[in-house]
Amino acid sequence: MVCVRTGRALPSLDRSSRYRQGMCCDRTPSLAEGQGVPPSWLHSAGPIVFRPASGRTQVLVPSAVPDPRDLGTAAAAAAPTGRFAARTAGMTASEIRALFAVASRPEVVSLAGGMPNLAALPLDALASEVGELVAAEGQTALQYGSAQGTPALREQICEVMRLEGINADPSDVVVTVGSQMALDLITRIYCDPGDVVLAEGPSYVGALGSFAAYQARVVHIEMDAHGLVPSLLRSALESLVRQGITPKFLYTIPNFHNPAGVTLAVERRPEILEICASYGVAVVEDNPYGLLGFSGTIYPALRSLDRDVVYLGSFSKTFASGLRVGWALVPPAVRDRLVLAAESATLCPPTFNQMIVSRYLQTQDWQSQIKTFTEAYRERRDAMLSALETYLPPGCSWNVPDGGFYVWLTVPEGVDTKAMLPRAVTARVAYASGTGFYADGYGSRQLRLSFCYPTPERITEGVRRLAGVLTAELDVMRTFGVPTRAASLKPGPGAPSPDTA
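No experiment lies behind these values; they were computed from the predicted model shown.

**A closer look at the overall build of the protein**
A count of helical and extended segments in the protein gives 18 helices and 18 strands. Contacts in the protein between residues at least 24 apart in sequence constitute 73% of all its contacts with a sequence separation of at least 6. As presented, the protein carries roughly 22200 Å² of accessible surface, and 54% of it is formed by carbon and sulfur atoms.

Have a look at this one:
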């Protein structure tokens, strides 16, 4: 028997083997020798069993290929989707990305993307430094480098992390192409298809995209105004243990959460680490915003309390996102596998970009620059909070972030923020709807507003437009007595992109 999809011979299974694998012959579609495969069988839910005259049995597992009755034989054989890996079925674009061509127009106020505001960077000084770098070290900067990252930058990264109480060895730092790459590689080396990952609900859309790409299942743990709730984490782990499941890791953003904007209370941090340790669950701490606190407070990293924590960092929010320089600080037992995974993904991160970051840290007052960024973001946050209070209709609620980029908004019952998004863009304002930040499609009453990039005046105008759209939605509901829904839109996370970062 030859597999229709691959052309390779399929292994024979005797009757006892089929029963051990849960394939009961009496309930499985079967073919006599010489009988053709009906086209509809290629789309059946279970295996197709072939019974040749010899009495041996062979199994054909159908795949999600286009129906030949629709495409024709030649077209079906050439259909690209028939050659994709099964894991690609879960890859979907975010709803904001689908509308990005419109949302990025200058007349649209985008409160959707988490783009840092780079206006305060000393661009003239940076241009001079880059020119000197090419002139003096161009042969090194423009050459291949180590998959682990340049030694000088890894040492400087340890100095940056020391601000959060982390004492690290540069040999345990792996430089990556943004922290998104680090997160993707960590998921790759930890998770097999079907494994369970714990994450806050809501959670970063890029993380959910990586988990989906490696076919990991996500169990969300609810947050409150003080971050992840330890008692709910323990309850979830107890429930999973009763099912014989040990999650691979807890993924958490403790500081100025994306998208929820909350910060994990300091007193909860050791308790969460203790709970995870008692159940044998690793912890992955993602901390791109940790130095962007509006009160000047720098919270202790989870990694500072436990050296087994995998810590992800980035220069995208504190320097320049376009350079795509991030890192992972990992235990020695994880490092070698992470470096091998990085080599297979990119061979090596761009040496030139790393040396630009290294030179910036060496020659510029980067801590003062972070304070400048923080002051600008605090001004924008205040403008957004003031506008929300002024314009939004009753029944809306939101958090007050003390750092980072985001406000998490809950709208009145019955309003579906995903269904409302196209109408908002028509009204020239964009946001990120809440369903993209849950793996299970929850969050239809929530949306994320980003205050980092627009000016305070644009933020105020954007919120005013959003309030008009919300008011119109509520008027429709009061008139017709039904919620506005979009059943045709697929729930769940989309693939990460700059517009949802």
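**Some points on helix α14 (residues 332–346)**
In a regular helix each residue adds 1.5 Å, so 15 residues correspond to 21 Å; α14 covers 21 Å between its end C-alpha atoms and thus fits that length. Of the positions making up α14, those classed as buried are V334, R335, L338, V339, A341 and A342. Buried positions along α14 lie against β6 (173–176), α8 (178–190) and β13 (326–329). L347 occupies a position one or two residues after α14 and carries a positive phi of about 70°.

**Topic: the side chain of R303**
Considering the arrangement of structural elements, one finds R303 in helix α12 (residues 302–305). Polar side-chain contacts of R303 include one of 2.9 Å to the backbone oxygen of V309. With sequence-adjacent residues up to four places away left out, R303 is seen in contact with I166, E285, V309, Y311, L329, V330 and P331.

**Some points on helix α10 (residues 230–242)**
Between its first and last C-alpha, α10 extends 19 Å over 13 residues, near the 18 Å set by a 1.5 Å rise per residue. For α10, the complete set of buried residues consists of P230, L233, A236, L237 and L240. Buried residues of α10 fall within an arc of 125° about the axis and therefore sit on the same side. Buried residues along α10 sit against β7 (196–201), β8 (217–224), β9 (227–228), β10 (249–252) and α11 (269–278).

**Re the nonpolar core**
M161, F315, F319 and L449 are the most contacted members of the largest nonpolar core, which has 72 residues in total. Residues A147, I186, A216 and V334 belong to the second largest nonpolar core, which totals 34 residues.

**Regarding unusual backbone geometry**
Here the residue pair G201 and P202 is connected by a cis peptide bond, since its omega of 5° sits within 30 degrees of zero. Position of P202 among the secondary structure elements: in the loop between β7 and α9 (205–213). The residue after N258, namely P259, is reached through a cis peptide bond having omega 15°. With respect to the helices and strands, the residue P259 is situated in the loop between β10 and α11.

**Digging into the sheet that holds strand β11 (residues 282–286)**
Spatial ordering of the open sheet is given by β6-β13-β12-β11-β10-β7-β8-β9, a layout of eight strands whose pairing is mixed. In this open sheet, the two strands that pair with only one neighbour each are β6 and β9. α8 rests against β6, β10, β11, β12 (310–314) and β13 of the sheet, and its axis sits at about 155° to β12.

**Considerations on the packing of α8 against α9**
Taken N-terminus to C-terminus, the directions of α8 and α9 make an angle of 30°; their axes are 9 Å apart at the nearest point. As far as their axial angle goes, α9 and α8 are roughly parallel. Along this stretch, α8 crosses α9, giving a crossing that reads as right-handed. Contacts between α8 and α9 involve Q180, L183, D184 and T187 on the former and, on the latter, G206, A207, S210 and F211. Its residues placed into classes, the contact of α8 with α9 shows three nonpolar, four polar and one charged.

**What to know about the sheet that holds strand β15 (residues 406–410)**
Spatial ordering of the open sheet is given by β14-β15-β18-β17, a layout of four strands whose pairing is antiparallel. The strands lining the two open edges of the sheet, one partner per strand, are β14 (397–398) and β17 (432–433). Inspection of the sheet shows β14 paired to β15 by two bridges, in the antiparallel sense. What sits directly across from W398, in β15, is L409.

**Notes on the pairing of β13**
Along any regular strand, the residues point their side chains to alternate faces of the sheet. Covered by surrounding structure in β13 are G326 and A328 together with W327 and L329, the residues of both alternating faces. Note: β6 against β13, four bridges, orientation antiparallel. The residue bridging V173 from the neighbouring strand is L329, located in β13. Bridge analysis of β12 against β13 gives four bridges, and the strand direction is antiparallel.

**Digging into the pattern of salt bridges**
Going through the model one piece at a time under the given rule, you end up with 15 salt bridges. Notably, a salt bridge pairs R359 with E129, separated by 2.7 Å at the nearest N-O pair. Taken as a pair, R359 in helix α15 (residues 351–363) and E129 in helix α6 (residues 123–141) lie far apart in primary sequence, 230 residues in all. No difference in accessibility class separates R359 from E129, as the two residues are buried.

**Thoughts on the packing of α8 against α14**
One way to put it is that α8 packs onto α14 with a least axis distance of 10 Å and a crossing angle of 115°. Looking at the two axes, α8 sits roughly perpendicular to α14. In the packing of α8 onto α14, the handedness of the crossing is right-handed. Along its contact with α8, which presents M181, L185, I186, R188, I189 and Y190, the element α14 presents V334, R337, L338, A341, A342, S344, A345 and T346. Within the contact of α8 with α14, the residues separate by chemical class into ten nonpolar, two polar and two charged.

Thresholds applied
- Residues numbered from 1 in each chain as written.
- Predicted model: local features only at pLDDT ≥ 70, side-chain atom pairs only at ≥ 80, totals over all residues.
- Heavy atoms only, no water.
- Helix = DSSP H or I, 4+ residues; strand = E, 2+ residues; numbered from the N terminus.
- Contact = heavy atoms within 4.5 Å.
- Areas by Shrake-Rupley, 256 points an atom, 1.4 Å probe, with all protein chains shown as cover.
- Expected span 1.5 Å × (residues − 1).
- Buried < 20%, exposed > 50% of the residue type's maximum accessible area, 1.4 Å probe, protein only.
- Polar contact = N/O pair within 3.5 Å; in protein donor to acceptor, adjacent residues only side chain to side chain.
- Arc of directions from axis to C-beta.
- Core = buried A, V, L, I, M, F, W, Y, C linked by side-chain atoms within 4.5 Å.
- Pairing = 2+ DSSP bridges.
- Axes fitted to C-alpha atoms, helices over the stretch in contact; angles between N-to-C directions.
- Parallel < 35°, antiparallel > 145°, perpendicular 65-115°, else oblique.
- Left-handed = near helix turned anticlockwise from the far one by under 90°.
- Nonpolar A, V, L, I, M, F, W, Y, C, P; charged D, E, K, R; others polar.
- Salt bridge = Lys/Arg side-chain N within 4 Å of Asp/Glu carboxyl O.

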